Amino acid sequence: MPSSGETLTDLSPFPQDLAQLPDGERIQEAFGWAPAAWGLVLFTFSLLLAFQPARLGTGERIGLGSALLGSLVLWSYEVLRRRQPKVLVRRGPTLALYLRGKLAREVGVAASGIYLRHPSRTWGPILMTTLGTLAAGSFLLPGGPATTWGDRITAALAALSFATLCTTLVRTRLFCEEALIPRDGGGLQHLLVRKRDLPRIFRPTS
């Protein structure tokens, strides 16, 4: 018999297709902008190589091509991962994880948890990327070291790179948490979710 805090609907089997679930039951994976930010870092690095005064050697050309390719891969990944985010659904004492719109596995809420991170691993990177943004931005100030248009464009991209990394850290570390979901073969899967969704995942079963 279900407890007074649960209904027959809460305990019904999870459908195989996510489309059969109402939007109100879905807890969608959250995202920062880390891949896009690192892609911008690689693109900025490629500009530094491309516009240096000296002629590029073989190793530097390989580095330039690798940086451009890496930035393209990261930007593509940023777009693709947002098209089909992972989704959690809570019913009674069970969580269901949906991948690409299909039921991947069911796990007990009691076996899941939240990743605990030391505060220094949050505020340290935020402070470093903030300082990086300010340092790169100082090149754009009147009378700053950047004198040519090429220098200014590179400095602007560097400042934007640091600012994007800082922004994604603020979002993912201060407004989101990492839910730990057991894998079928052992271990835990980290799934970024908004803090406001945590009560929906880990609410008491009765």
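Predicted, not measured: the structure shown is a model, and the values here were computed from it. (Residues numbered from 1 in each chain as written. Predicted model: local features only at pLDDT ≥ 70, side-chain atom pairs only at ≥ 80, totals over all residues. Heavy atoms only, no water.)

Chemist: Quick question: what am I supposed to make of the pairing of strand 7 (residues 188–194) here?
Modeler: In regular strands, side chains alternate between the two faces of the sheet. Of the strand pairs in this sheet, strand 6 (residues 176–182) and strand 7 are connected by seven bridges, and their pairing is antiparallel. Its bridge partner lying in strand 7, E177 is registered against V193. Where strand 6 folds back on strand 7, the antiparallel hairpin that results is connected by five residues, among which G186 adopts a positive phi of roughly 105°. (Pairing = 2+ DSSP bridges. Helix = DSSP H or I, 4+ residues; strand = E, 2+ residues; numbered from the N terminus.)

Chemist: Whenever I open this one, unusual backbone geometry confuses me. Can you help?
Modeler: Note: most residues except glycine have negative phi, and most peptide bonds are trans. Phi is positive for R100, which is not a glycine, with a value near 55°. Looking at where R100 falls in the secondary structure, it is placed in the loop between strand 3 (94–99) and strand 4 (102–108). Here R100 falls in the exposed class, since its relative accessible area comes to 63%. (Buried < 20%, exposed > 50% of the residue type's maximum accessible area, 1.4 Å probe, protein only.)

Chemist: Looking at this structure, I do not really get the sheet that holds strand 7. What am I missing?
Modeler: Backbone-to-backbone hydrogen bonds pair the strands of a sheet. The strands run either parallel or antiparallel. Sheet architecture is open: three strands sit in the order 5-6-7, paired in antiparallel fashion. Edge positions in the sheet fall to strand 5 (113–114) and strand 7, since each of these pairs with one other strand and no more.

Chemist: What exactly am I supposed to notice about helix 1 (residues 34–50) here?
Modeler: Note: α-helices contain 3.6 residues per turn, so residues at a spacing of three or four share the same orientation. Taking 1.5 Å per residue as the helical rise, helix 1 with its 17 residues ought to reach 24 Å, and the 24 Å between its terminal C-alpha atoms agrees with that figure. If you follow the buried residues of helix 1, they end up packed against helix 2 (58–83) and helix 4 (149–174). (Expected span 1.5 Å × (residues − 1). Contact = heavy atoms within 4.5 Å.)

Chemist: Looking at this model, I keep getting lost on the sheet that holds strand 2 (residues 87–91). Mind explaining?
Modeler: Strand order in the open sheet formed by four strands is 1-2-3-4, and the pairing between neighbours is antiparallel. The sheet is open, and its two edges are formed by strand 1 (26–28) and strand 4, each paired on a single side. Across the sheet, the mean angle from the axis of one strand to that of its neighbour is 30°, orientation sign disregarded. In terms of strand pairing, strand 3 meets strand 4 through six bridges, oriented antiparallel. Opposite L97, over in strand 4, you have R105 as the bridge partner. (Axes fitted to C-alpha atoms, helices over the stretch in contact; angles between N-to-C directions.)

Chemist: How should the layout of surface pockets be read in this particular structure?
Modeler: In this approach the atoms are scanned with a rolling probe the size of a water molecule, which exposes any empty space left behind. Put simply, the largest pocket is a space of about 720 Å³. Elements that contribute at least two residues to the lining of the largest pocket include exactly helix 1, helix 2, helix 4 and strand 7. Considering each element in turn, the lining of the largest pocket owes the most residues, six residues, to helix 4. Tallied by class, residues from the lining of the largest pocket come to 13 nonpolar, seven polar and seven charged. (1 Å grid on protein atoms, 1.4 Å probe; cavity = no way out; pocket = protein on both sides within 12 Å on 5 of 7 lines; lining within 4 Å. Points joined across faces, edges and corners; volume = space filled by probe spheres on them. Nonpolar A, V, L, I, M, F, W, Y, C, P; charged D, E, K, R; others polar.)

Chemist: I'm lost on the pattern of salt bridges in this one. Help?
Modeler: Oppositely charged side chains can pair when the atoms bearing their charge come close. Within this structure, the stated rule accounts for 10 salt bridges. Linking R81 and E78 is a salt bridge whose minimum nitrogen-to-oxygen distance equals 2.9 Å. Taken as a pair, R81 and E78 lie in helix 2 at a separation of three residues, close to a single helical turn. When sorted by exposure, R81 lands in the same class as E78, which is buried. With a shortest N-O distance of 3.5 Å, D197 and R200 are connected by a salt bridge. (Salt bridge = Lys/Arg side-chain N within 4 Å of Asp/Glu carboxyl O.)

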